[in-house]
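Coordinates in review
The primary structure of each chain is shown beneath.
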Amino acid sequence: MWYAIEGHDGAGVLAARMGARPAHLARLQALRDAGRLLLAGACPAIDAEDPGPAGFSGSIVIAEFESLEAARAWAEGDPYVAAGVYQRVEVRPFRPAMT
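These notes cover the structure that comes with them.

What counts, and where the lines are drawn
Residues numbered from 1 in each chain as written. Predicted model: local features only at pLDDT ≥ 70, side-chain atom pairs only at ≥ 80, totals over all residues. Heavy atoms only, no water. 1 Å grid on protein atoms, 1.4 Å probe; cavity = no way out; pocket = protein on both sides within 12 Å on 5 of 7 lines; lining within 4 Å. Points joined across faces, edges and corners; volume = space filled by probe spheres on them. Helix = DSSP H or I, 4+ residues; strand = E, 2+ residues; numbered from the N terminus. Nonpolar A, V, L, I, M, F, W, Y, C, P; charged D, E, K, R; others polar. Pairing = 2+ DSSP bridges. Buried < 20%, exposed > 50% of the residue type's maximum accessible area, 1.4 Å probe, protein only. Phe/Tyr/Trp six-rings, centres within 6.5 Å; stacked < 30°, edge-to-face > 60°. Lys NZ or Arg CZ within 6 Å of the ring centre and 35° of its normal.

A closer look at the layout of surface pockets
- The volume enclosed by the largest pocket comes to roughly 250 Å³.
- As for the largest pocket, its lining consists of 15 residues, of which Arg21, His24, Leu25, Gly41 and Ala42 are closest to the centre.

Below is the structure:
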């Protein structure tokens, strides 16, 4: 089943985000290579493609996992969690209507 994972950045975490980004992207690449990634991306904190020092408000990942528990475990293992970037993470089942 598909799951939507939404990480919400804390305040002042842009440097930590950038430091953890390569490891974060490597995990997403592994999901993509396994055919389990529908989409992933960051949410700029302002209405701009490159938010500069304003940074990001969070990220969204939609990926396939065997269960809600597996999706939560994957989300908890994200390098952004370990680096303190995400203040909180929400994981919900997702059913695509259009792609």
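Some thoughts on empty space enclosed by the protein
- In the structure shown here, the tally under the stated rule is one cavity of 30 Å³ or more.
- Computed from the structure, the largest cavity encloses a volume of approximately 50 Å³.
- Looking at the largest cavity, the residues that line it are Ile5, Glu6, Gly7, His24, Ser59, Val61, Trp74, Ala75, Asp78, Tyr86 and Val89.
- Mapped by element, the contributors of at least two residues to the lining of the largest cavity are strand E1 (2–9), strand E3 (56–64), helix H2 (68–76) and strand E4 (86–94).
- The element that contributes the greatest number of residues to the lining of the largest cavity is E1, accounting for three residues.
- Class assignment of the residues belonging to the lining of the largest cavity gives a composition of six nonpolar, three polar and two charged.

Structural notes on the pairing of E3
- Where E1 meets E3, seven bridges bridge the pair, whose relative direction is antiparallel. Within E3, the residue paired with Glu6 across the bridge is Ile60.
- Pairing of strand E2 (residues 37–44) with E3, which is carried by seven bridges, proceeds in the antiparallel orientation. Opposite Ala42, over in E3, you have Ser59 as the bridge partner.

Examining the pairing of E1
- In terms of burial, E1 is a largely internal element, six of the eight residues being buried.
- Sheet topology note: the E1/E4 ladder contains eight bridges and is antiparallel. Pairing of Ala4 across the sheet is with Arg92, part of E4.

So, the packing of aromatic side chains
- Inspection of every chain in the model, using the stated rule, returns three aromatic pairs.
- With 5.7 Å between their ring centres and 50° between their planes, Phe65 and Trp74 make a pair best called tilted.
- A residue is classified by how much of its surface remains accessible, and Phe65, at 6% relative accessible area, is buried.
- For the ring pair Tyr80 and Tyr86, a centre distance of 5.4 Å and an interplane angle of 90° mean the geometry is edge-to-face.
- A residue is classified by how much of its surface remains accessible, and Tyr80, at 1% relative accessible area, is buried.
- In textbook terms, an aromatic cluster arises when at least three aromatic residues are bridged by ring pairs, as seen for Tyr3, Phe65 and Trp74.
- Seen from the ring of Trp74, Arg27 lies directly overhead, with NZ or CZ sitting 4.2 Å from the centre.

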